[in-house]
Amino acid sequence: MARHIKKGDQVEVISGDQKGVVGRVMRVMPDKQRVLVEGVNLAHKHVRPSQQNPQGGRIRIERPIHISNLLPVNPKSNKGSRVRFVTDDKGVKKRQTLDGSEIGIVRKAKR
(Lines give C-alpha, C1' and ligand atoms only; values in the text may rest on other atoms or scores of the structure.)
Protein backbone atom coordinates (compact mmCIF):
# COMPACT_ATOMS: atom_id res chain seq x y z
CA MET A 1 0.00 0.00 0.00
CA ALA A 2 1.31 3.43 -0.92
CA ARG A 3 2.10 5.80 1.92
CA HIS A 4 1.73 9.56 1.75
CA ILE A 5 5.17 9.95 3.36
CA LYS A 6 8.50 8.60 2.07
CA LYS A 7 12.08 8.64 3.32
CA GLY A 8 13.73 12.00 2.68
CA ASP A 9 10.49 14.02 2.64
CA GLN A 10 10.08 17.28 4.50
CA VAL A 11 7.14 16.84 6.88
CA GLU A 12 5.23 19.00 9.35
CA VAL A 13 3.94 17.71 12.68
CA ILE A 14 0.21 18.47 13.00
CA SER A 15 -0.52 17.30 16.55
CA GLY A 16 1.12 16.70 19.90
CA ASP A 17 3.84 18.57 21.80
CA GLN A 18 5.88 19.14 18.64
CA LYS A 19 3.00 20.65 16.62
CA GLY A 20 4.21 22.94 13.83
CA VAL A 21 7.78 21.58 13.74
CA VAL A 22 9.19 20.76 10.29
CA GLY A 23 11.77 17.99 9.84
CA ARG A 24 13.18 15.48 7.36
CA VAL A 25 12.06 11.83 7.40
CA MET A 26 14.97 9.54 8.26
CA ARG A 27 13.13 6.21 8.31
CA VAL A 28 9.62 4.85 7.66
CA MET A 29 8.34 1.78 9.52
CA PRO A 30 5.21 0.74 7.56
CA ASP A 31 4.43 -2.35 9.65
CA LYS A 32 4.17 -0.20 12.81
CA GLN A 33 2.80 2.89 10.97
CA ARG A 34 5.55 5.01 12.50
CA VAL A 35 8.10 7.45 11.12
CA LEU A 36 11.45 8.67 12.44
CA VAL A 37 11.77 12.43 11.87
CA GLU A 38 14.99 14.37 12.37
CA GLY A 39 14.77 16.70 15.38
CA VAL A 40 11.25 15.64 16.39
CA ASN A 41 10.15 13.65 19.48
CA LEU A 42 13.55 13.73 21.16
CA ALA A 43 14.09 11.57 24.26
CA HIS A 44 16.98 11.00 26.64
CA LYS A 45 18.80 7.68 26.44
CA HIS A 46 21.15 6.68 29.25
CA VAL A 47 24.32 5.07 27.89
CA ARG A 48 27.18 3.36 29.65
CA PRO A 49 30.76 4.37 28.98
CA SER A 50 32.19 2.62 25.92
CA GLN A 51 34.94 3.19 23.37
CA GLN A 52 32.56 5.14 21.15
CA ASN A 53 31.20 7.13 24.09
CA PRO A 54 33.92 7.13 26.79
CA GLN A 55 32.13 9.62 29.02
CA GLY A 56 28.76 7.82 29.09
CA GLY A 57 25.77 9.78 30.35
CA ARG A 58 22.57 10.90 28.66
CA ILE A 59 22.21 11.41 24.92
CA ARG A 60 19.25 12.78 22.96
CA ILE A 61 17.80 10.52 20.26
CA GLU A 62 14.75 10.70 18.02
CA ARG A 63 11.84 8.40 18.79
CA PRO A 64 9.29 7.30 16.18
CA ILE A 65 6.09 9.30 15.73
CA HIS A 66 2.81 7.98 14.31
CA ILE A 67 2.37 8.57 10.58
CA SER A 68 -1.10 10.10 11.08
CA ASN A 69 0.47 13.03 12.96
CA LEU A 70 2.50 14.16 9.93
CA LEU A 71 1.78 15.96 6.67
CA PRO A 72 4.20 16.32 3.73
CA VAL A 73 5.33 19.90 3.14
CA ASN A 74 4.01 21.51 -0.04
CA PRO A 75 6.97 22.83 -2.07
CA LYS A 76 5.00 25.91 -3.18
CA SER A 77 3.61 27.12 0.15
CA ASN A 78 6.15 25.49 2.53
CA LYS A 79 3.27 24.27 4.72
CA GLY A 80 1.92 20.81 5.40
CA SER A 81 -0.76 19.71 2.95
CA ARG A 82 -2.86 16.67 2.25
CA VAL A 83 -1.83 14.36 -0.57
CA ARG A 84 -3.67 12.35 -3.20
CA PHE A 85 -2.30 9.80 -5.63
CA VAL A 86 -2.72 10.51 -9.34
CA THR A 87 -1.89 8.25 -12.29
CA ASP A 88 -1.21 10.02 -15.58
CA ASP A 89 -1.91 8.71 -19.08
CA LYS A 90 1.56 7.11 -19.30
CA GLY A 91 0.95 5.03 -16.17
CA VAL A 92 3.17 7.01 -13.81
CA LYS A 93 1.77 7.20 -10.28
CA LYS A 94 2.54 10.50 -8.52
CA ARG A 95 1.84 12.18 -5.20
CA GLN A 96 0.01 15.45 -5.68
CA THR A 97 -1.15 18.06 -3.19
CA LEU A 98 -4.74 19.29 -3.30
CA ASP A 99 -3.68 22.54 -5.02
CA GLY A 100 -2.11 20.52 -7.86
CA SER A 101 1.61 20.72 -7.15
CA GLU A 102 3.55 17.48 -7.51
CA ILE A 103 5.56 16.10 -4.59
CA GLY A 104 7.16 13.04 -6.14
CA ILE A 105 6.85 9.89 -8.21
CA VAL A 106 5.59 6.78 -6.43
CA ARG A 107 5.80 4.29 -9.30
CA LYS A 108 7.21 4.66 -12.78
CA ALA A 109 5.37 3.52 -15.88
CA LYS A 110 5.39 -0.16 -16.77
CA ARG A 111 6.91 -0.90 -20.16
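Structural data are supplied above this passage.
First, a word on what this report is: a plain description of the structure on this page. Quick caveat, the model's predicted, so the values are computed rather than measured. (Residues numbered from 1 in each chain as written. Predicted model: local features only at pLDDT ≥ 70, side-chain atom pairs only at ≥ 80, totals over all residues. Heavy atoms only, no water.)

## Digging into the pairing of strand E3 (residues 34-37)
Okay, so step 1: Summarising the sheet, strand E2 (residues 22-29) and E3 pair through four bridges and their orientation is antiparallel. Across the sheet, residue arginine 27 finds its bridge partner in E3, namely leucine 36.
Okay, so step 2: The pairing of E3 with strand E6 (residues 65-66) spans two bridges and is classified as antiparallel. Among the inter-strand pairings, arginine 34 is bridged to a residue of E6, identified as histidine 66. (Pairing = 2+ DSSP bridges. Helix = DSSP H or I, 4+ residues; strand = E, 2+ residues; numbered from the N terminus.)

## A word on the side chain of serine 101
Okay, so step 1: For serine 101, the position within the fold is in the loop between strand E9 (93-97) and strand E10 (102-107).
Okay, so step 2: Note on serine 101: relative accessible area 5%, which makes it buried.
Okay, so step 3: There is a polar contact of 2.9 Å between the side chain of serine 101 and the side chain of asparagine 74.
Okay, so step 4: At 2.8 Å, the side chain of serine 101 forms a polar contact with the side chain of threonine 97.
Okay, so step 5: Each residue touching serine 101, except ones within four places of it in the same chain, is listed here: Asn74, Pro75, Lys76, Arg95 and Gln96. (Buried < 20%, exposed > 50% of the residue type's maximum accessible area, 1.4 Å probe, protein only. Polar contact = N/O pair within 3.5 Å; in protein donor to acceptor, adjacent residues only side chain to side chain. Contact = heavy atoms within 4.5 Å.)

## Regarding the environment of glutamine 51
Okay, so step 1: One can find glutamine 51 in the loop between strand E4 (42-47) and strand E5 (57-62).
Okay, so step 2: On a C-alpha basis, the gap between glutamine 51 and arginine 82 in space is 45 Å, while along the polypeptide they are 31 residues apart.

## Notes on unusual backbone geometry
Okay, so step 1: At glutamine 33, a position not held by glycine, the phi torsion is positive, near 55°.
Okay, so step 2: Given a relative accessible area of 36%, glutamine 33 falls into the partly exposed group.
Okay, so step 3: The phi dihedral of asparagine 41 is positive, around 60°, even though this residue is not glycine.
Okay, so step 4: With respect to the element layout, asparagine 41 can be found in the loop between E3 and E4.

## Let's talk about the side chain of threonine 97
Okay, so step 1: Note on placement: threonine 97 falls in strand E9.
Okay, so step 2: If near-sequence neighbours (up to four positions away) are discounted, threonine 97 is found in contact with Asn74, Ser81, Arg82, Arg84 and Ile103.

## Thoughts on the nonpolar core
Okay, so step 1: By size, the foremost hydrophobic cluster in this structure holds 10 residues: Ile5, Val11, Val13, Val25, Val35, Val37, Val40, Ile65, Ile67 and Leu70.
Okay, so step 2: Of all the secondary-structure elements, those providing two or more residues to this core are strand E1 (10-13) and E3.
Okay, so step 3: For valine 37, the contacting residues outside a window of four places in its chain are Val11, Gly23, Arg24, Glu62, Ile65 and Leu70. (Core = buried A, V, L, I, M, F, W, Y, C linked by side-chain atoms within 4.5 Å.)

## Some details on the pattern of salt bridges
Okay, so step 1: Inspection of the entire model under this criterion finds three salt bridges.
Okay, so step 2: A salt bridge links lysine 94 to aspartate 88; the shortest N-O distance between them is 3.9 Å.
Okay, so step 3: Its relative accessible area of 23% is what places lysine 94 among the partly exposed residues.
Okay, so step 4: Across the pair glutamate 102 and lysine 94 runs a salt bridge whose closest N-O atoms are separated by 3.4 Å.
Okay, so step 5: Overlapping salt bridges, with partners in common, bring together Asp88, Lys94 and Glu102 in one network. (Salt bridge = Lys/Arg side-chain N within 4 Å of Asp/Glu carboxyl O.)

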